[in-house]
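In case you want the letters, here they are:
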Amino acid sequence: MKKIALAALALTLAVPGVSLAAKVKIGFINTITGAEAPIGENLTNGVTMALEDLKKKGIDVELIKEDDTGKPEKSLSAFEKLATRDNVAGVVGPYTSACANAVASQADRYKVPQVIPAAAKEEITRKGYKYVFRLNAPADVYSSVLMDAIMTVDKPKTIAYVYANTDFGISTVKTAKEYARKLGIREVADEKYLKGAPDFRSTLTKIKTLKPDLVFMVSYEVDAITLMRQSREIRLTPKAFLGAGAGFTTAQFLAQKMISNLVFSSTQWTEDVNWPGARNFYNRYKAKFGKEPSYHAACAYEAMIIMAETAAKNGGNREKTRAGLKSGQWNGIMGEVKFSDYAGYTNQNNHPMLVQQVQNGRYETVYPAKFATKNPIYPFKW
Amino acid sequence: MTRFSIFTNRRGASPLALIAFVVIVCLLFAFPSLVESPYSRHIMVLLFLSTIMGESWNIIGGYTGQYSVGHAAYFGAGAYGTMIVMNASQFDADKLLELQDLAKDSRLSSLLLSAHDLHPWTGVLVGMVAALLLSLIIGSICFRLRGPYFVLASIAVAEIVRITVLNLADLTQGAEGILISTLPPLTIGNTVITDFSNNVPFYYIGLLLVLLTIFVTWLVQNSKLGYFFQAIREDQDAAHSLGISLTFHKNAALALSAVLTSLAGSFYAIYIKFVDPTTVLSLDLSVQIVLISIIGGIGTIFGPVVGALVLVPLSEVLRSNLIGESLISSGMVNSDSAFGHFLTENLSHAHVLIYGILVVVVILFMPDGVLGFFKSMVAKKRKEAA
Amino acid sequence: MTLFLQSLISGILIGGVYALIGIGLTIIFGVMRVINFAHGDIMMVGMYMTYFLFTLFGIDPFVSVLVTIPLMFVFGAILQKLFINRILGALPQNQILLTIGLGLIMSNSMMLAFTSDYKILTTSYSSSSYRLAGLSVSKPLAISFLITVVITAALYRFLMKTDTGQAIRATAQDREAAQLMGINVKWMSILAFGIGASMAGTAGALISPTYYIFPQVGSAFTLKAFVITVLGGMGSIVGATLGGVIIGVVESMGAAYISSDWKDVVVFAIFLLVLLVKPSGLMGTSRT
């Protein structure tokens, strides 16, 4: 049965114009205004591209966009509206962990399938919710994959943590510490900072005096640039700078050639990875929006494709869509996707995160070996 | 004039208004059985929440004239008190062992251990007590200051509370926030509520809290204490020379306001089942609380109700772009036309902008709030008629 | 010792920028008794101006101050004339809300116009530093500090020595008396708001090469400006300058010797302490 469905899908993909006879209503909750809006925009753009591609495949999505402004109660409003007033077949989003968390409990209550594209908080898929599916890897993988990458080239002894005092920062560093302990790497500094601070010089100077092998940073967007600029100013020179996702994986960070070179970062997605359509997505995105996509855009794109295809195949029936998400398998720009239950997670895609390093002004995938395009350069130098 | 007579208020008897009030309250009680949609109930819950916040602030801001822009601290106290106790009561054996281990050198962890033994819903009381203590501390610091200095001090204290909660992660789980998946059963009198899966219980809890705050506000307006509050608002120095203790009455007003605000926070927490410092302790929230009263009309019983009635639906309509959507779905505007595109793409980004414009317009043209504006309109009409 | 000196230097330098934000706020408050909650947003407008002058016309951020100051002055004057002027006699809470509303309008208009993307201004010196006996002194901060000193000195001279400056100060001291003395207080208010806005805009310009720009960037600085202004004494320029540097140093030292997550508590605690011990601020004359 599944084979037939797959064959049918393949056929429709091969013959444009053959319609799955589908118009399907999908809700999309995102942070369009407010402090998190800059990243939210990546998700919006990713979804816009997904809709175009779905149309080509004959799936006409009636998208209902909701802005949650990054606040859980607004996110809940959006979800209640989508579930009861708009009667959507499924929901993609919300973006932030706090919002996704709040909405997840409602997904089960209203029995509305929900695909979370990019929220990292581990708990979201650890509560056993049946209707909640997560595409991206949770927070713990952000740190472990980075340290694994370094362990292939060296045995570092000490590590310093500098991170934003946010949900993402704290939960990532928490798991990083556990993993570092396991690897026998000693912690020499633990510095939380309030997001958006303009001056990190004294914190970084303090770390410099402790001479750690690794400096592990978790920062949103542009704090990453501020941190690296000031590290260069005071010549903080560890063997490696490790950046966990977010701010270290943006095109803007890359563009700061003087400070981004040789920095390692973990990411959900890179353009040069050999997942089908990744490069093509990158090129089309850049042509359409005039800037490079972040991994959030890729996650949102794939989440929307998966949700819309599954919903369309099941005629918009929520229960069947849920079953379809649970049993389905996809292979697109995010690599192989399958929502499975493992290690306490429910409906979690065991997504392999990638480690990239900036080399000569480009992000190069350096780990895991099977996705790598270049070897890591180590140790770090200015 | 009897002070606690129901049928009179300061401005004289108005049985008609009272009848209207009773009818509306009856309708509100019947609402969940009349309207099926959970979404509209949700909007009502948000409306109640805003009203409670507005009424609570009104006591210190509207009646006593002390413009606290730090009420998020009390809201957060209620929200965190409730969530910490509730969360602690649900600890499993492993977590308890781990805590006992930690409790040796962390006082916060031992605090959590004792919270585990409390009844889960006593968190609401814990929140109220915390808000009360906080208000006394804040009052003793801030009430030495006047006017703009008081405003700034109240902001500063609220920020200290926010950062402290953010950093005391052993107790509050810091930036990660506290998440609860199921609420424990709630016993009120003889009824036990176990099923929180639809929002009907929250609707009624919210409605009762609204009535409570309105009742308290009415008491304030019509009691001796309330007169003293208002005397302080009108002229602090004159009130002082009349022998009214400024320190005592300001602190009493703040404490009352803080405890009620903490109830709003508890209500928010159990409804959303998630709290973190950004959502329940931010300056944004403090400003929002002030807005409700001022837009509606401060120093009046129903001002905050009007404020909530204006702000909540407005922000929901703007947020979800209901106007644009309905124009398009009704066929009045083609979704592919330039205007349709503008409605779906641009307007959805502009809702905070519209909100801001509304605030400016109200302040410039209705300085006494919406309620005050209509009252003076009516008064004008009457004068003309006479 | 390196840590101490390093923290001290960066604290003082960043404090220079803080001082400018504070000065702007303090002048506005001094003359109009209005707490300007849109101050950070005005600074944000200055940042965008600097950004576009740099990317479109290639004008260096530090040079662009010459353009930003007059433009922001006009912007501030218009804001005053159209909005603030109408609520000068209004209740304080209405004044606060009006400026909050104006701030929302500014930041969200910017978002509609330029999206919510972070804009980063990269100059050749954005991450370079002078080395001094084992210490590093940030080049962009050092230059901006010098500019701050020059501007503050000029402003101080203007207020102290010129007739207009004295008229502004007289208005700040006693609005009614000033009016009776034949001073056009309305005009002085416009002037004061214009100066305040241009100071905020300048601070935005000076911080641009080392920071980043987005529509909501203002709110954090608004809060900081409050602290600085109260610390120095509302209405006192010297006080705001001092307050800015003190806050810069406290933040820096707090991060070095306490921890980076508690440093803001230290800042607010000092703020409260000053309010309690000397509500008029370090340099303010007491006023009830």
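Owing to the predicted nature of the structure, the values given are computational and were not obtained by experimental measurement.

### A look at the pattern of salt bridges
All names here are of chain A.
Move 1: The final tally for this structure, using the stated rule, is 30 salt bridges over all chains.
Move 2: Measuring nitrogen to oxygen at the nearest pair gives 3.0 Å for the salt bridge that ties Lys 81 to Asp 86. Summarising the burial analysis for this pair, Lys 81 and Asp 86 share the class buried.
Move 3: The closest approach of N and O atoms between Glu 191 and Lys 206, which form a salt bridge, is 2.9 Å.

### Considerations on the confidence of the model for chain A
Move 1: Per-residue confidence for chain A gives a mean pLDDT of 89, with 94% of residues at or over 70.
Move 2: Taken as a whole, residues 8–20 of chain A scores under 50 in pLDDT and shows eight contacts with residues more than four places along the chain or in a different chain.

### So, the packing of aromatic side chains
All names here are of chain C.
Move 1: Per the stated rule, a full pass over the model turns up 37 aromatic pairs over all chains.
Move 2: When the ring of Tyr 118 is compared with that of Tyr 212, the centres are 5.6 Å apart and the planes differ by 85°; the resulting orientation is edge-to-face. One end of the pair, Tyr 118, is in the loop between α4 (92–114) and β1 (119–120); the other, Tyr 212, is in strand β4 (residues 212–213), and 94 residues separate them in sequence. The two residues Tyr 118 and Tyr 212 agree in class, both being buried.
Move 3: Relative to Phe 214, the ring of Tyr 118 lies with its centre 4.7 Å away and its plane at 65°, an arrangement referred to as edge-to-face.

### Topic: the interface of chain C and chain A
Move 1: Counting residues at the interface gives 41 residues for chain C and 36 residues for chain A.
Move 2: A combined buried area of about 3200 Å² lies between chain C and chain A, and 51% of that area is made up of carbon and sulfur atoms.
Move 3: When the area that chain C buries against chain A is broken down by residue, the three leading residues are Tyr 118, Ile 120 and Ser 127 of chain C, summing to 20%.
Move 4: The interface formed by chain C and chain A includes two salt bridges.
Move 5: A salt bridge links Asp 117 of chain C to Lys 291 of chain A; its shortest N-O distance comes to 2.5 Å.

### Some remarks on the nonpolar core
Move 1: Formed by 255 residues in total, the largest nonpolar core has its most connected members in Phe 79 and Met 217 of chain A, Phe 267 of chain B together with Met 32 and Leu 272 of chain C.
Move 2: In terms of residues, this core owes the most to one element, helix α7 (residues 147–167) of chain B, which gives 14 residues.
Move 3: In this structure, Phe 79 of chain A is in contact with Ile 29, Val 91, Val 103, Gln 106, Ala 107, Tyr 110 and Val 112 of chain A, ignoring residues within four places of it in sequence.
Move 4: The next biggest cluster of nonpolar side chains, apart from the first, holds 77 residues, and it includes Ala 89, Phe 168, Ala 312 and Val 366 of chain A.

### Topic: the interface of chain B and chain A
Move 1: Opposite the 33 residues of chain B that make contact, chain A presents 37 residues.
Move 2: When chain B packs against chain A, the two sides together hide about 2900 Å² of surface, and 56% of this comes from carbon and sulfur.
Move 3: Connecting chain B to chain A are one salt bridge.
Move 4: Residue Glu 176 of chain B pairs with Lys 174 of chain A through a salt bridge whose shortest N-O separation is 2.7 Å.

### Thoughts on the sheet that holds strand β10 (residues 264–267) of chain A
Residue and element names in this part refer to chain A.
Move 1: With respect to topology, seven strands assemble into an open sheet ordered β7-β6-β8-β9-β10-β15-β16, the strand pairing being mixed. Both outer strands of the open sheet, β7 (186–193) and β16 (362–367), are each paired with one neighbouring strand and no more. In this sheet, neighbouring strand axes are inclined to one another by 25° on average, regardless of whether the strands run parallel or antiparallel.
Move 2: In this sheet, strand β8 (residues 214–218) lies alongside strand β6 (residues 158–164) in parallel orientation, the contact comprising five bridges.

### Comments concerning the domain arrangement of chain A
All names here are of chain A.
Move 1: By the assigned domains, chain A splits into domain 1 (2–137 + 273–349) and domain 2 (140–267 + 354–371).
Move 2: Taking the mean C-alpha position of each, domain 1 and domain 2 sit 29 Å from one another.
Move 3: Every contact between the two is made by 16 residues of domain 1 and, on the other side, 20 residues of domain 2.
Move 4: Taken together, the two surfaces of domain 1 and domain 2 that pack against each other cover about 1400 Å², and 53% of this comes from carbon and sulfur.
Move 5: A salt bridge links Asp 167 to Lys 121, with the shortest nitrogen-to-oxygen separation between them at 3.3 Å.
Move 6: For the pair domain 1 and domain 2, the interface holds four residue pairs in polar contact (both at pLDDT 80 or more).
Move 7: Class assignment for the residues of the side of domain 1 that touches domain 2 results in nine nonpolar, two polar and five charged.

Reading the values: rules and limits
Residues numbered from 1 in each chain as written. Chains lettered and ligands numbered in written order. Predicted model: local features only at pLDDT ≥ 70, side-chain atom pairs only at ≥ 80, totals over all residues. Heavy atoms only, no water. Salt bridge = Lys/Arg side-chain N within 4 Å of Asp/Glu carboxyl O. Buried < 20%, exposed > 50% of the residue type's maximum accessible area, 1.4 Å probe, protein only. pLDDT = per-residue confidence, 0-100. Contact = heavy atoms within 4.5 Å. Phe/Tyr/Trp six-rings, centres within 6.5 Å; stacked < 30°, edge-to-face > 60°. Helix = DSSP H or I, 4+ residues; strand = E, 2+ residues; numbered from the N terminus. Buried area = accessible area lost by both parts, 1.4 Å probe. Core = buried A, V, L, I, M, F, W, Y, C linked by side-chain atoms within 4.5 Å. Pairing = 2+ DSSP bridges. Axes fitted to C-alpha atoms, helices over the stretch in contact; angles between N-to-C directions. Domains from an automatic or database assignment. Polar contact = N/O pair within 3.5 Å; in protein donor to acceptor, adjacent residues only side chain to side chain. Nonpolar A, V, L, I, M, F, W, Y, C, P; charged D, E, K, R; others polar.

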